Each structure stands twice: as structure tokens, then as C-alpha cells.
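# Reading the structure
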Amino acid sequence: MLIVLPPSETKADGGSGAPLDLDALSLPELTDVRRRIAGTVVDLAADTDASFAALGIGVSQQHEIARNAALFSSPTRPAIERYTGVLYDALDHAGLTRAGKRKAAERLAVGSALFGVVRATDPIPAYRLSSGSKLPGMGTLASVWKPVLTPALAALDEDVVVDLRSGGYRALGPIRDAVEVTVLHEAQDGSRSVVSHFNKHHKGLVARSMVTTRRAVRDVEAVAAVIADGGQQVEVTSDTEITVVTT
């Protein structure tokens with residue numbers, strides 16, 4: 001089983017790991033593209049105005065450019081500790097038992113515009129790059145990543161993949177037959193609407209349930225059962241789609 005998390009724009013500072021070594025990351029077939037994108041990101045950091053435009057950030061986020069400039073010299077920390085925010089708070093990796101953290105290392109991956117996909121324990125630095133960023137000399141990041149990332153993920157040959165990435169990150173490397181999760185809010189009149197902010201919270205709870213379960217998970221029904229075990233209301237809407245309903 002593989003659970004692919006979305007990344008977050010917010011990232012923890014610092015770390016105690018050695019500087020980035022692209023050759024040490026999981027999915028080595030992605031190394032050449034990672035090196036190309038990382039080199040471009042570092043070069044871009046030398047031009048503040050170009051970085052603002054390419055990364056879609058403003059003056060108040062200038063520290064993100066400094067992070068990119070130090071991509072190969074700053075300390076690293078495991079990916080599951082690097083990404084922060086609502087989803088990762090709900091996942092609460094730090095609060096897992098030792099056994100839970102072992103399962104997290106085996107089951108969790110994180111989508112990334114810079115690295116494609118990394119495993120939970122892969123050591124990475126803080127950086128800024130989003131799926132919609134426009135790097136000089138390249139087309140869309142999806143056009144760069146998709147030819148290599150999709151086959152790399154398919155080669156993992158997992159029984160079940162639960163893809164919690166947002167649309168922009170799924171486009172970097174679509175996973176055929178992956179189970180996708182939609183979070184909807186149900187009003188008192190029975191109408192439903194897409195959840196925005198709390199979408200991340202509920203997907204974090206999904207990830208935690210998938211990490212801690214002892215069930216054998218081999219199909220969408222089993223995925224739904226695990227999510228229900230975690231206390232969420234869930235509906236199976238197709239062989240590859242699950243809806244979490246909040247009230």
C-alpha cells in the first residue's frame with residue numbers, strides 16, 4: 001500500500017541532516033530530472049525579480065528565495081518532518097507510536113514539484129517550488145515530470161495507491177487506478193459542497209488511518225473501511241473514488 005500526500009507551501013526550517021544528495025533519494029530514476037530542476041531553481045535565486053515572477057511570491061516571502069539559493073548547502077530533515085500545515089498536523093507523525101512511524105516510512109510518500117515524489121524518510125532541505133511555478137527554459141512542470149514520474153510510480157507495483165494530492169500535483173505524475181479522496185460538506189438540507197480549508201485536515205486524518213491500520217488493504221472497499229475505522233463518514237463512489245462527508 002502506498003499513500004501519496006500533497007506537499008505544503010509551508011515547511012519547517014533547519015534540520016540536522018547533511019546537505020541535499022540527490023543520489024540518496026528514493027526513486028533514483030528521477031535523479032536526472034531532479035538535478036535539472038534543482039539546478040534551475042538555484043540559478044533562478046540569483047535574480048530576485050525573476051524569482052518573484054516564476055514562483056508566484058511577493059516581497060514578504062523573499063526568504064523563500066534564500067532557501068532556494070541554499071538548496072545544496074542547507075541542512076536536511078526527513079520529508080515527513082519538512083512539510084508542515086493543516087494536513088500534516090492532522091496526520092501527526094510525531095504522535096505516532098514506534099510501530100506507526102515504521103509503517104509511515106513504508107507507506108507514505110509526498111508529491112513535490114522539485115523532487116517528483118519522495119518517500120517519508122528521504123532527507124530534503126526547505127525550498128519553494130509549486131506545481132504551477134514557471135521555471136525559465138522549461139515548459140510546464142507537468143510536461144517535464146509526467147514522462148518519467150508516471151512510469152516510476154507504476155513500477156512500484158503497489159496493491160493499492162491512495163492518492164491524496166491536489167489536481168496540480170496529480171498532473172505531474174498521474175497514477176493509474178489510484179484511489180482518490182474527495183471531501184464534501186453536507187448541509188442540513190442535504191446539499192453538498194466542496195470543502196476548502198478543512199479538506200486538508202480530513203485528508204490528514206485519512207492518511208493517519210491508512211498508516212495505523214492493521215487491515216489488509218487491497219481494494220477501494222478496504223480503503224473505505226479503514227477511513228471509517230478512523231471515525232469519518234465515507235462513501236465509495238467508484239472503483240477509484242471515495243468521498244469523505246463532513247457535517
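Note: the structure precedes this text.
To start, this report covers the structure provided alongside it. Nothing here was measured: the structure is a model prediction, and the numbers come from that model.

The helix and strand inventory of the protein chain stands at 10 helices and 10 strands. Taking 247 residues into account, the globule formula puts the C-alpha radius of gyration at 18 Å, and the protein chain, at 18 Å, falls close to it. Dimensions of the protein chain, computed from C-alpha atoms along their principal axes, come out at roughly 50 × 40 × 35 Å. Across the 247 residues in the protein chain, those meeting the buried criterion constitute 48%. Counting only carbon and sulfur atoms, one obtains 49% of the accessible surface of the protein chain, whose full area is about 11,300 Å².

Attention now moves to the nonpolar core. By size, the foremost hydrophobic cluster in this structure holds 75 residues, and its most contacted members are Leu5, Ile37, Leu129 and Met210. In this structure Ile37 touches Ala113, Leu114, Leu129, Leu135, Met138, Leu141, Val144 and Trp145, once residues within four positions along its chain are discounted.

Let us now look at the pattern of salt bridges. Tallied over the full model, the rule gives 12 salt bridges. A salt bridge links Glu158 to Arg119; its shortest N-O distance comes to 3.9 Å. You can see Glu158 sitting in the loop between helix H7 (141-154) and strand E6 (161-163) and its partner Arg119 sitting in strand E4 (residues 116-119), a full 39 residues away along the chain. Put simply, Arg170 and Glu180 hold a salt bridge, and the shortest N to O gap is 3.5 Å. Here Glu180 lies in strand E7 (residues 179-186) and Arg170 lies in helix H8 (residues 167-170), a separation of 10 residues in the sequence. On the accessibility criterion, Arg170 (26% relative accessible area) is partly exposed. One connected set of salt bridges, linked through shared partners, spans Glu9, Asp13, Glu64, Arg67 and Arg128.

Once that is clear, we can look at the environment of Ser8. Residue position: Ser8 is located in the loop between strand E1 (2-5) and helix H1 (31-44). Along the backbone, Ser8 and Val181 are 173 residues apart, and their C-alpha atoms lie at a distance of 18 Å. Beyond its immediate chain neighbours, meaning those up to four positions away, Ser8 contacts Tyr83, Thr84 and Tyr88. For Ser8, the side chain forms a polar contact with the main-chain oxygen of Thr10, separated by 2.6 Å. For Ser8, the side chain forms a polar contact with the main-chain oxygen of Thr84, separated by 2.8 Å.

Turning to H1, a few remarks are in order. Between its terminal C-alpha atoms H1 stretches 20 Å, which fits the 20 Å expected from 14 residues at 1.5 Å a residue. Within H1, burial applies to Thr31, Val33, Arg34, Ile37, Ala38, Thr40, Val41 and Leu44. Against helix H2 (48-55), helix H3 (62-69), E4 and H7 lie the buried residues of H1.

Bringing a negative patch on the surface into the picture now. Among the surface-exposed residues, Asp177, Asp219, Glu221 and Asp239 lie close enough to one another that they form a single negatively charged patch. Looking at where Glu221 falls in the secondary structure, it is placed in helix H10 (residues 220-229).

Moving on: the pairing of strand E10 (residues 241-246). Burial analysis of E10 places 5 of its 6 residues in the buried class, the great majority of the element. Here E7 pairs with E10 via 6 bridges, running parallel. By the bridge assignment, Glu180 is partnered in E10 with Glu241. Where strand E9 (residues 233-238) meets E10, 5 bridges bridge the pair, whose relative direction is antiparallel. Counterpart to Gln233 in the pairing with E10 is Val245. Linkage of E9 to E10, two consecutive antiparallel strands, is achieved through a turn of 2 residues.

Rules used throughout
Residues numbered from 1 in each chain as written. Predicted model: local features only at pLDDT ≥ 70, side-chain atom pairs only at ≥ 80, totals over all residues. Heavy atoms only, no water. Helix = DSSP H or I, 4+ residues; strand = E, 2+ residues; numbered from the N terminus. Rg over C-alpha atoms; globule rule 2.2 N^0.38 Å. Buried < 20%, exposed > 50% of the residue type's maximum accessible area, 1.4 Å probe, protein only. Areas by Shrake-Rupley, 256 points an atom, 1.4 Å probe, with all protein chains shown as cover. Core = buried A, V, L, I, M, F, W, Y, C linked by side-chain atoms within 4.5 Å. Contact = heavy atoms within 4.5 Å. Salt bridge = Lys/Arg side-chain N within 4 Å of Asp/Glu carboxyl O. Polar contact = N/O pair within 3.5 Å; in protein donor to acceptor, adjacent residues only side chain to side chain. Expected span 1.5 Å × (residues − 1). Patch = residues over 30% accessible without salt bridge, like charges linked within 9 Å, V, L, I, M, F, W, Y side chains within 5 Å. Lys, Arg positive; Asp, Glu negative; His and termini not counted. Charge placed at Lys NZ, Arg CZ, Asp CG, Glu CD. Pairing = 2+ DSSP bridges.

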